[in-house]
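# Remarks on the overall topology
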Amino acid sequence: MVLRSREAVRAAWGRPAATVAVALVLSLLVLAFPIEAEEARAQDFDLTVSPVKKELTVRPGERVDFTITLVNHTDGDLKLLVYPMDFFIRPDNSYEFNEPGYYTYSCSKWIEMRRDRLTVPPRSQHEEPFTLVVPQDAEPGGHYSVLFFQDASEPPPGMGVKPTYRIGSLILVTVPGDIVRDAEIKALSVESDFFSLWGPPEGGEAGWPARSMKYHLEVENKGNVHLTLQAQLTYRAGAGFGSGVIDLGEITILPGTVRYFDGYLPSPPALGYFRAEAVIKYGPDMYTFDTEKRAGSGFWVLPILWILFILLIGVGLRYLIRYLRGRFRVSLKVARK
């Protein structure tokens, strides 16, 4: 897998105190030029890191060498800082980074680097070597780190504090021993819909009165090693009509953590009672999916407002017909006289 990305820490600039006219001019300049400079820096930092996730299986007391491939897509040198950090993935799939050794499952301090700074020439590819040294007393299971490659160039003249761009490669280490691989679907729900006025939108979330039906899936890793997991959500009519399949993609779940899959049915059904089923698959590595777990949940789609609207139309038509018949009978009586 290859990742091409950038992470920016944006700086803020203040407005100088002066006369009203001067303050206005300076504030416009302050707002304009840093943005242009930041965009220029973003264009200057165009780096590909491969692999996105590096999986290693290393026994206690062993050493293993590995490399990370860096590709500079710019026309200038890329000066980089290199350093490991601990990471944690929150249930909402956002990342939290901390200093090496912060988490008990950390392997950041096991990584030996040849250097903490490097330069990648323009339009070139570079293989940066690393060594993983597993301690003799390492606990069996999963241990994790992220290797960051951060922009170390000097800020352009007059820019002041510059944004920082960095890109990382996740290091996923398994120490053999008493390994437990176990995932569980903790929760599955699909919102029922009773009050929409319009039919299902294409593509998912929509504002009322269109139908917008959210799904929520929670998966917990109950083992002691990371799991690369594929997930799928299907729904079919128990009473009514309509069905669908949603590929929820692939994620890595760290041991003892929960991850969420949230989204909206891309083409919600129109009417009836439906059964939703979530299927997750995982295995001993990031390429094998030989274990499967399932869970189900029900939901309703009853357009009550549409039903009431149709009933009101029906009642209105009935009274209109009765009224017209009455008028017709009165007209006949008058004509006969």
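Residues numbered from 1 in each chain as written. Predicted model: local features only at pLDDT ≥ 70, side-chain atom pairs only at ≥ 80, totals over all residues. Heavy atoms only, no water.

### With respect to the overall build of the chain
Going by this rule: Put simply, DSSP marks the helices as runs of H or I at least four residues long and the strands as runs of E at least two long, and each gets a number from the N terminus on. When a residue's accessible area, from a 1.4 Å probe over protein chains only, is under 20% of the maximum for its type it is buried; when over 50% it is exposed; and in between it is partly exposed. Two residues qualify as a contact provided that any one of their heavy atoms is within 4.5 Å of a heavy atom in the partner residue. All accessible areas in this document rest on Shrake-Rupley with a 1.4 Å probe, and a residue is counted as covered only by the protein chains that are shown.
Broken down by element type, the chain carries two helices and 19 strands. Looking at the chain as a whole, 39% of its 337 residues qualify as buried. Here the contacts in the chain between residues at least 6 apart in sequence split such that 74% fall between residues at least 24 apart. Counting only carbon and sulfur atoms, one obtains 56% of the accessible surface of the chain, whose full area is about 18,800 Å².

### Re the sheet that holds strand S13 (residues 183-190)
Either a parallel or an antiparallel arrangement is found when strands of a sheet pair, and the pairing is made through backbone hydrogen bonds. The condition is simple: Pairs of strands are assigned from DSSP output, requiring at least two bridges between the strands. The convention used is that axes are lines fitted to C-alpha atoms, helices contributing only their stretch in contact, and that angles between N-to-C directions extend from 0 to 180 degrees.
Across the sheet, three strands lie side by side as S13-S14-S17; this open sheet has antiparallel pairing. The open sheet terminates on both sides in strands that have one partner only, identified here as S13 and strand S17 (258-264). Strand after strand, the sheet turns through a mean of 15 degrees between neighbouring axes, direction not considered. Strand direction decides the pairing type here: strand S14 (residues 214-221) and S17, joined by seven bridges, are antiparallel. Its bridge partner being in S17, His216 is matched across the sheet by Asp262.

### As for the pattern of salt bridges
Applied cut-off: The term salt bridge refers to a side-chain nitrogen of Lys or Arg lying within 4 Å of a carboxyl oxygen of Asp or Glu.
Overall, the coordinates contain eleven salt bridges when judged by the stated rule. The partner of Glu112 in a salt bridge is Arg63, and the shortest N-O contact between them spans 3.3 Å. Taken together, the residues Glu112 in strand S8 (residues 111-113) and Arg63 in strand S5 (residues 63-72) connect sequence positions 49 residues apart. By relative accessible area, which is 35% here, Glu112 ends up partly exposed. On the basis of relative accessibility, which here comes to 54%, the residue Arg63 falls in the exposed class. For Glu96, the salt bridge goes to Arg90, with nearest N and O atoms at 3.4 Å.

### A word on the nonpolar core
Under the convention used in this document: Residues grouped as a nonpolar core are buried Ala, Val, Leu, Ile, Met, Phe, Trp, Tyr and Cys residues, joined through side-chain atoms within 4.5 Å.
By size, the foremost hydrophobic cluster in this structure holds 27 residues, and its most contacted members are Leu47, Leu70, Leu132 and Phe149. Elements with a contribution of two residues or more to this core: strand S3 (47-50), S5, strand S6 (78-89), strand S9 (117-120), strand S10 (124-133), strand S11 (141-151) and strand S12 (164-175). Take this core: its biggest share by element is five residues, from S12. Listed in part, the 26 residues of the second largest apolar core include Leu188, Ile253, Ala278 and Phe299.

### Side note on the side chain of Arg259
What counts here: Under the counting rule used here, the positive set is Lys and Arg, the negative set is Asp and Glu, and His together with the chain ends is not counted. For the purposes of these results, a polar contact is taken to be a pair of N or O atoms within 3.5 Å, where, inside protein, one atom must be able to donate a hydrogen and its partner to accept one; residues adjacent in sequence count only when each atom of the pair is a side-chain atom.
Along the chain, the position of Arg259 falls in strand S17. Although Arg259 lies buried, it forms no salt bridge, and the closest oppositely charged side chain, Asp92, sits 7.3 Å away as judged by the N-O distance. Looking at Arg259, its side chain comes within polar contact range of the side chain of Asn93, at 2.6 Å. A polar contact of 2.4 Å, which involves the side chain of Arg259, links it to the backbone oxygen of Thr252. In this view, Arg259 contacts Ile89, Arg90, Pro91, Asn93, Leu217, Glu218, Val219, Ile251, Thr252 and Ile253; residues no more than four positions away in its chain are not counted.

### Observations concerning the packing of aromatic side chains
Given two aromatic rings, one states the distance between the centres and the angle between the planes to describe the pair. This is how it is decided: Centres within 6.5 Å make a pair out of two Phe, Tyr or Trp rings, where for Trp the six-membered ring is used; the pair is then stacked when the planes are under 30 degrees apart, edge-to-face when over 60, and tilted otherwise.
For the structure shown, the criterion picks out 15 aromatic pairs. Look at Phe66 and Phe130: their rings are 5.6 Å apart centre to centre, the planes differ by 20 degrees, and that puts the pair in the stacked class. Of this pair, Phe66 sits in strand S5 while Phe130 sits in strand S10; the two residues are 64 residues apart in sequence, bridging distant segments of the chain. Judged by relative accessible area, Phe66 falls into the buried class, the value being 4%.

### Digging into unusual backbone geometry
Of note, the amide linkage connecting Ser50 to Pro51 takes the cis form, showing an omega dihedral of 5 degrees. Within the secondary structure, Pro51 sits in the loop between S3 and strand S4 (53-57). One non-glycine residue with positive phi stands out, namely Asn93, at about 75 degrees. Mapped onto the secondary structure, Asn93 falls in the loop between S6 and strand S7 (95-98). Look at Asn93 and you get partly exposed, because its relative accessible area is 31%. Phi at Arg123 is positive, roughly 50 degrees, even though this residue is not glycine. Residue Arg123 is classed as exposed on the basis of its relative accessible area of 56%.

### Structural notes on the confidence of the model for the chain
This is how the line gets drawn: Every residue carries a pLDDT, the predictor's confidence in it, which falls somewhere between 0 and 100.
Across the chain, pLDDT averages 83, with 82% of residues at or above 70. Predicted confidence is poor over residues 4-41, with pLDDT under 50, and the contacts of this stretch with residues over four places away or in other chains come to 44 contacts.

### Some points on the side chain of Thr228
Following the sequence through the fold, Thr228 ends up in strand S15 (residues 227-241). Note on Thr228: relative accessible area 2%, which makes it buried.

### A word on a nonpolar patch on the surface
Applicable threshold: Like-charged residues within 9 Å of one another, or nonpolar side chains (Val, Leu, Ile, Met, Phe, Trp, Tyr) within 5 Å, are grouped into patches, provided each residue has over 30% relative accessible area and no salt bridge.
Together, Phe309, Ile310, Ile313, Leu317, Leu320, Ile321, Tyr323 and Leu324 make up a nonpolar patch on the protein surface, roughly 780 Å² of accessible area in all. Of the residues examined, Ile321 reaches a relative accessible area of 43% and is grouped as partly exposed.

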